[in-house]
Amino acid sequence: MECKGIAAASGYGLGRAFLLEDQEVRVIRQTISSDAVDREIARLEEEIRQAIAELETVRDTARQKLGDDAAAIFSAHIMMLEDPEYLGGIIEKIKQAMINAEAAVEEVTAEFVAIFSGMDNEYMRERAADLKDVAGRLLRRLLGIKTMSLADIAEEVVLCAHDLTPSDTAQLDRDKVAGFVTNIGGRTSHSAIMARSMGIPAVVGLKDIVTKVKAGDFVIVDGNEGKVLVNPPEGIIQEYRAKKEKFAARQREFEKLLNEKSITSDGVQVELAANIGNPEDAKGAITNGAEGVGLYRTEFLYMGRAEFPSEEEQFKAYKEVAMLFGKERPVVIRTLDIGGDKELPYLEMPKEMNPFLGYRAIRLCLDRPEIFKTQLRAILRASAYGKVKMMYPMIATLQELRAANAILAEVKQELSKENISFNPQMEVGIMVEIPAVAALAHQFAKEVDFFSIGTNDLVQYTLAVDRMNEKISYLYQPLNPSVLSLIQNVISAAHNEKKWVGMCGEMAGDLTAIPILLGMGLDEFSMSASSILAARALIRQLSKADAVDIAQAALKMDDAEAIKAYVEQKVSFIAGLK
Ligand code: PEP
Ligand code: MG
């Protein structure tokens with residue numbers, strides 16, 4: 001069986017399917033005889049011991065991968081399973097009501113959850129969710145349902161899920177996950193972006209893949225063509241093993257360009273930078289030849305944990321990256337961009353009809369200056385250790401930019417008073433993600449040090465197409481002439497004011513888009529680390545003069561597909577690289 005989805009991260013992954021799904025827990029209440037009571041209690045106690053052992057492993061893995069705060073969540077789960085009131089309540093229920101352990105767990109948990117949920121205290125209400133989670137684990141053990149979690153993956157598998165949240169993706173171990181496939185999502189959903197930076201082949205937006213694949217099926221993920229093959233014949237498997245080998249060989253070929261410049265055949269040099277989410281990614285960026293960081297998505301430091309990261313923790317994470325890249329290579333840190341498809345469990349955000357148009361990013365930061373200031377302090381402090389630059393996400397109006405800058409000025413003053421060092425000249429830019437800013441770029445260009453075009457959002461807002469919705473993915477067209485003309489406007493406006501312009505949306509790493517962007521004069525291309533070397537190979541083949549012609553011709557065309565075909569026909573090198 002072959003299924004068509006959206007190519008989210010290139011490469012080929014082959015392996016057995018591992019289904020990540022919520023297994024339904026159905027408990028049947030059974031009365032037991034008095035001589036079965038002790039046996040039922042013993043069974044309960046044994047499964048609690050096992051569940052605790054399981055949680056200890058999960059906690060240790062979380063500590064290694066995500067740090068102490070994430071581990072604390074699981075320590076709290078263990079404490080719940082050891083809590084004498086909870087446990088005593090279950091044992092009492094088995095004895096008094098003479099029922100099976102599963103039913104007793106379910107009933108006592110429901111009582112505790114009702115108490116927690118009714119409390120005024122937000123913290124206690126959240127504990128209700130934790131308790132449900134813990135009870136679910138215990139029930140699955142009692143019922144003999146095999147629990148599968150990301151931490152349990154032992155062999156190389158293809159992960160199949162309805163959806164993967166960015167924090168699920170952060171837990172993936174690239175040695176064990178050959179690829180992943182999901183029902184929902186688009187090329188610029190954050191799990192897809194992370195898969196690309198981790199170098200895990202992925203196909204998303206397959207609509208119903210989890211119902212088509214059974215655990216243990218042999219699955220091939222073709223992240224180049226956006227295809228998934230389920231239980232293909234041996235001949236096809238061999239064909240894909242060969243493709244995978246060829247892909248790896250080409251990657252090795254690209255590695256020869258690791259220390260080469262990103263320069264066109266007629267001598268125009270641009271910067272190829274990486275998009276990162278944490279200091280670990282920064283190391284991967286360097287091994288992939290990044291000349292800097294064009295986008296540090298700081299929100300990942302805020303995710304997968306129980307509370308906001310402190311100024312000190314953030315400072316450490318920013319400083320580490322600044323120092324890795326040194327005094328010469330820039331690191332552009334983006335202030336918090338939470339909201340949209342990125343949520344924080346500890347930040348109460350009401351469900352919104354249109355989260356991508358809602359309370360997110362700079363809007364939230366201006367509304368919650370205490371959160372914003374902590375981050376600004378940490379970024380400024382890190383600016384003393386490298387070539388740190390900073391940008392605000394989702395700016396829509398000049399007033400927002402000025403309000404953010406006013407808070408920045410306050411924070412600078414505070415730091416000076418406290419004799420804490422920072423770079424007072426740190427460049428401050430904005431992301432151009434909202435068409436309003438692209439249209440008024442000439443005004444914004446006077447008040448920023450640089451622009452970074454965020455096409456992931458710019459495309460979604462320009463064409464009014466939800467970047468997460470696979471049903472309308474045909475409309476998600478970075479090469480649409482409307483988008484190209486906005487980009488050209490932004491670049492020209494910046495250059496008129498002698499400011500530089502980068503792009504950190506996924507389009508910057510798209511081989512077909514690169515000749516056009518180069519021709520339009522883009523100065524910096526920031527992309528998933530795994531795309532950098534292929535982009536460098538392409539740029540070194542192109543001449544700026546040809547790229548200018550290509551851009552001008554593309555800007556006169558009226559259809560994204562035609563533009564794509566035109567560029568690929570002009571630059572045959574692209575087909576060979578795909
Ligand atoms: C963008 O919108 O292009 C961007 C880089 O930001 P994010 O993908 O994090 O929304
Ligand atoms: Mg964005």
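Residues numbered from 1 in each chain as written. Chains lettered and ligands numbered in written order. Predicted model: local features only at pLDDT ≥ 70, side-chain atom pairs only at ≥ 80, totals over all residues. Heavy atoms only, no water.

## A look at the coordination of the magnesium ion (ligand 2)
- The protein atoms that coordinate the magnesium ion (ligand 2) are E433 (OE) and D457 (OD), at distances of 1.9 to 2.0 Å. Here the residue E433 occupies a position in the loop between strand 13 (428-432) and helix 16 (435-439), and D457 occupies one in helix 18 (residues 455-462), the gap between them amounting to 24 residues. For the pair formed by E433 and D457, the shared burial category is buried. (Donors = N, O, S within 2.8 Å, 3.2 Å for Na, K, Ca; no water. Helix = DSSP H or I, 4+ residues; strand = E, 2+ residues; numbered from the N terminus. Buried < 20%, exposed > 50% of the residue type's maximum accessible area, 1.4 Å probe, protein only.)

## Points about the sheet that holds strand 13
- An order of 9-10-11-12-13-14-15-16 is seen for the eight strands of this closed barrel, with the pairing classed as parallel. This sheet shows a mean twist of 25° between the axes of neighbouring strands, independent of strand direction.
- Where helix 21 (residues 532-541) meets the sheet, its contacts fall on strand 9 (271-276) and strand 16 (524-527), and the angle it forms with strand 9 comes to roughly 165°. (Pairing = 2+ DSSP bridges. Axes fitted to C-alpha atoms, helices over the stretch in contact; angles between N-to-C directions. Contact = heavy atoms within 4.5 Å.)

## Quick notes on the site of ligand 1
- What surrounds ligand 1 is a group of 17 residues, the closest being R297, R334, E433, N456 and R467.
- D457 places a polar side-chain atom, nitrogen or oxygen, 3.0 Å from an oxygen atom of ligand 1.
- Coverage of ligand 1 by the protein amounts to 100% of the 290 Å² it exposes when considered alone.
- Every element with two or more residues in the shell around ligand 1 is listed here: helix 7 (190-198), strand 10 (293-297) and helix 18.
- The element contributing the most residues to the shell around ligand 1 is helix 18, with three residues. (Near = heavy atom within 4 Å. Polar contact = N/O pair within 3.5 Å; in protein donor to acceptor, adjacent residues only side chain to side chain. Areas by Shrake-Rupley, 256 points an atom, 1.4 Å probe, with all protein chains shown as cover.)

## Observations concerning the domain arrangement of the chain
- You can read the domains of the chain as domain 1 (2-22 + 149-246), domain 2 (34-143) and domain 3 (256-576).
- Centre-to-centre separation of domain 1 and domain 3, based on C-alpha positions: 27 Å.
- Across the contact, 16 residues belong to domain 1 and 15 residues belong to domain 3.
- Together domain 1 and domain 3 conceal approximately 1500 Å² of surface at their shared face, both sides included; 58% is due to carbon and sulfur atoms.
- Sorting the residues of domain 1 by area buried against domain 3 places T188, H190 and R196 first, and these three jointly supply 36% of that buried surface.
- Notably, a salt bridge pairs E506 with R196, separated by 2.6 Å at the nearest N-O pair.
- On inspection of domain 1 and its partner domain 3, the count reaches three residue pairs in polar contact (both at pLDDT 80 or more).
- The biggest single contributor to the side of domain 1 that touches domain 3 is helix 7, with five residues. (Domains from an automatic or database assignment. Buried area = accessible area lost by both parts, 1.4 Å probe. Salt bridge = Lys/Arg side-chain N within 4 Å of Asp/Glu carboxyl O.)

## With respect to helix 19 (residues 481-496)
- The end-to-end C-alpha distance of helix 19, which contains 16 residues, comes to 22 Å, matching closely the 22 Å that a straight helix rising 1.5 Å per residue would cover.
- When helix 19 is considered as a whole, its buried residues turn out to be P481, V483, L484, L486, I487, V490, I491, A493 and A494.
- In the stretch just after helix 19, K498 is the one whose phi turns positive, near 60°. (Expected span 1.5 Å × (residues − 1).)

## A few points about the pattern of salt bridges
- Tallied over the full model, the rule gives 38 salt bridges.
- Notably, a salt bridge pairs E568 with K564, separated by 3.5 Å at the nearest N-O pair. On the criterion of helical spacing, the pair formed by E568 and K564 is a turn pair, its members being four residues apart in helix 23 (residues 560-570).
- Overall, E568 belongs to the partly exposed group, its relative accessible area being 25%.
- For K564, a relative accessible area of 30% translates into the label partly exposed.
- The network of salt bridges with common partners includes E311, E312, K373, R377, R381, E410, E414 and E418.

## Some thoughts on the side chain of E400
- Inspection of the secondary structure puts E400 in helix 15 (residues 398-417).
- Within the buried set, E400 has no salt-bridge partner at all; the shortest N-O distance to an opposite charge, 4.4 Å, is to R363. (Lys, Arg positive; Asp, Glu negative; His and termini not counted.)

## Focus on the side chain of E470
- Among the structural elements, E470 can be located in the loop between helix 18 and helix 19.
- Buried E470, no salt bridge; nearest opposite-charge side chain is K471, N-O distance 4.5 Å.
- What E470 contacts, discounting residues up to four positions off in sequence, is I6, N183, I184, G185, G205 and K207.

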